Amino acid sequence: MTKTILIEEFHVSVCVQIGLPETMYVRARRTLDSRRFQIRLRKAVNGVFRRHSSLKLAKVATSV
């Protein structure tokens, strides 16, 4: 198996305004937890990496 080295790690923070109706928090949480959203986020990240030839050999993993 080929050995790899971690050269960067990104974290995404999602913040919402305090004082919103509870239903807004629930809706946001439901969206973030949805399989559709997570698939689209993963595809977006992979798409950005594919557009940069210097990262062509990099292995990209997303976890949600």
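Use the structure listed above.
What counts and what doesn't
Residues numbered from 1 in each chain as written. Predicted model: local features only at pLDDT ≥ 70, side-chain atom pairs only at ≥ 80, totals over all residues. Heavy atoms only, no water. Helix = DSSP H or I, 4+ residues; strand = E, 2+ residues; numbered from the N terminus. Rg over C-alpha atoms; globule rule 2.2 N^0.38 Å. Buried < 20%, exposed > 50% of the residue type's maximum accessible area, 1.4 Å probe, protein only. Areas by Shrake-Rupley, 256 points an atom, 1.4 Å probe, with all protein chains shown as cover.

Visitor: In this structure, what is going on with the overall build of the chain? I would like to understand it.
Guide: From N to C terminus, the chain includes 2 helices and 0 strands. Against the compact-globule benchmark of 11 Å for 64 residues, the chain has a radius of gyration of 16 Å, which places it well outside the compact range. Across its three principal axes, the chain shows a C-alpha extent of roughly 50 × 25 × 20 Å. With 64 residues in all, the chain has 3% of them scored as buried. Surface accessibility of the chain: about 6,700 Å² in total, with carbon and sulfur atoms responsible for 57%.

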